[in-house]
Amino acid sequence: MTKPPGKLLPLVAALLCGAVLAQAAQPSDSPVTASSPAVRTVAAGPLSGSPIAAKPTHQRGPRRQGQSPHTKPAADDWNLTKHGKVLYLTFDDGPHAGWTPQVLQILRRHHAQATFFVLGAEAAKRPDLVEQTRAAGHHIGNHTWDHPMLTHIPAAKMRQEIFSGVKSKCFRPPFRDTNAAVEAAAKANHQRQVLWDVDTNDWKKPGAASIEHAILAGAYPGAIVLMHDGGGNRAQTIAALERALTKLQRQGYKFRALPC
Ligand SMILES: [Zn+2]
């Protein structure tokens, strides 16, 4: 999942970008979509001002030494397919005051752990949600400060977006838009680039059944699954998650956080 981008990547990134732009142009079906991180990225974000000054100091807050003990042995074990029937659920673009707590509740109910790739700008608004997520045994990954397409902005700004994100061992580029320079910047920030194996396309709001099907059909031992708890109305994701976890548990799957 960390191999260099293939030839299709620029095309995929362009398509994703176009799709998000199209989505941004559509009327919002929920008050929260008006503050979609992805949408704001298209417009001028906080970084257009004084990014360094805007960097919140609390992002250098408590280290994750209080993680659940049972997640520690695998701290640097990226042989994800060697742990049996384990799925690695990931949620991007949060934290969000409305959706993230609902995701956390479902995960708790299913004794599932996951990884949340949060935006620095959103984490700065709700540091309590980030801490609540960590306290529940989940892991936090860096998804940049404000969700830009990193290969489409100047190198200095690209690095700034990565370095001003939350502290973590993992980094995920927005829109899967990455290249060698982006991966190198993440590495310089002591972060491993983490993509995904199963894309639920939940951000397109295709219906809960479609998202559920994507999770169930894509699941295999060690797979990393992409979903979103921010960036728009996630009611479909919430509904799909509950149903998918119930069925996957019956199949013997467990859900763990990535070693981030
Ligand atoms: Zn994202």
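Quick note: structure is the one above.
All figures in this text were calculated on a predicted structure; none of them were measured in a lab.

How should the overall build of the protein chain be read in this particular structure?
Helices and strands together make up the secondary structure of the protein chain, namely 10 helices and 8 strands. When the 260 residues of the protein chain are sorted by exposure, 41% land in the buried category.

In this structure, what is going on with helix α7 (residues 155-163)? I would like to understand it.
Residues separated by three or four positions in an α-helix point in the same direction, a consequence of the helix having 3.6 residues per turn. Residues Met158, Glu161 and Ile162 constitute the buried set of α7. Looking down the long axis of α7, one finds its buried residues gathered within 95 degrees of arc, a one-sided arrangement. Its buried side turned inward, α7 meets β3 (139-142), β4 (170-171) and α8 (180-188).

What is the right way to read the nonpolar core from this model?
Within soluble globular proteins, side chains that are nonpolar tend to cluster in buried spots. Ranked by size, the top nonpolar core spans 52 residues in total, and within it Leu89, Val103, Ala114, Val118, Ile215, Val225 and Leu241 carry the most contacts. The element best represented in this core is helix α10 (residues 235-250), accounting for 6 residues. Residues within four places of Val118 in sequence aside, it is in contact with Gly94, Pro95, Ala123, Val130, Ile140, His143 and Val166.

Would you explain the packing of helix α4 (residues 99-109) against α10 in this entry?
For any two helices packed against each other, one specifies the inter-axial angle together with the distance between the axes. Between α4 and α10, whose axes approach to 10 Å, the crossing angle comes to 10 degrees. As far as their axial angle goes, α10 and α4 are roughly parallel. The segment α4 lies against α10, with Trp99, Gln102, Val103 and Ile106 engaging Ile238, Leu241, Glu242 and Leu245. Residue classes in the contact of α4 with α10 are distributed as 6 nonpolar, 1 polar and 1 charged.

Looking at this model, I keep getting lost on helix α9 (residues 208-218). Mind explaining?
When we look at burial in α9, the residues that qualify are Ile211, Glu212, Ala214 and Ile215. Taken around the axis of α9, the buried residues stretch over an arc of 155 degrees, which confines them to a single face. α9 presents Ala209 and Ala217 as exposed residues on the side facing more than 90 degrees away from its buried surface. Lining the buried residues of α9 we find β6 (198-199), β7 (224-228) and α10.

Please clarify how the packing of α9 against α10 should be interpreted in this entry.
In the contact formed by α9 and α10, the axes pass within 8 Å of each other and the chain directions differ by 40 degrees. The pairing of α9 with α10 is recorded here as oblique in orientation. As for the relative orientation of α9 and α10, their crossing is right-handed in sense. Together, Ala208, Ile211, Glu212, Ile215 and Leu216 of α9 and Gln236, Thr237, Ala239, Ala240, Arg243, Ala244, Lys247 and Leu248 of α10 make up the contact between the two elements. Residues belonging to the contact of α9 with α10 are distributed by class as follows: 8 nonpolar, 2 polar and 3 charged.

I keep staring at the environment of Lys82 and nothing clicks. Help me out?
If you trace the backbone, Lys82 turns up in the loop between α3 (51-54) and β1 (86-92). Distance in space between the C-alpha atoms of Lys82 and Pro221 is 7.9 Å, their sequence separation being 139 residues.

Just checking my understanding: could you explain unusual backbone geometry for this structure?
Most peptide bonds are trans, and most residues other than glycine sit at a negative phi. With omega at 0 degrees, the peptide bond leading from Gly94 into Pro95 counts as cis. Position of Pro95 among the secondary structure elements: in the loop between β1 and α4. Look at His111: it is not a glycine, yet its phi comes out positive at around 55 degrees. Turning to its location among the elements, His111 is positioned in the loop between α4 and β2 (114-118). Phi is positive for Arg176, close to 55 degrees, though the residue is something other than glycine. By the secondary structure assignment, Arg176 is in the loop between β4 and α8. A count of 16 C-beta atoms within 10 Å places Arg176 in the partly exposed class.

Scoring rules and cut-offs
- Residues numbered from 1 in each chain as written.
- Predicted model: local features only at pLDDT ≥ 70, side-chain atom pairs only at ≥ 80, totals over all residues.
- Helix = DSSP H or I, 4+ residues; strand = E, 2+ residues; numbered from the N terminus.
- Buried ≥ 20, exposed ≤ 12 C-beta atoms within 10 Å, placed from the backbone.
- Arc of directions from axis to C-beta.
- Contact = placed C-beta atoms within 7 Å.
- Core = buried A, V, L, I, M, F, W, Y, C linked by C-beta atoms within 7 Å.
- Axes fitted to C-alpha atoms, helices over the stretch in contact; angles between N-to-C directions.
- Parallel < 35°, antiparallel > 145°, perpendicular 65-115°, else oblique.
- Nonpolar A, V, L, I, M, F, W, Y, C, P; charged D, E, K, R; others polar.
- Left-handed = near helix turned anticlockwise from the far one by under 90°.

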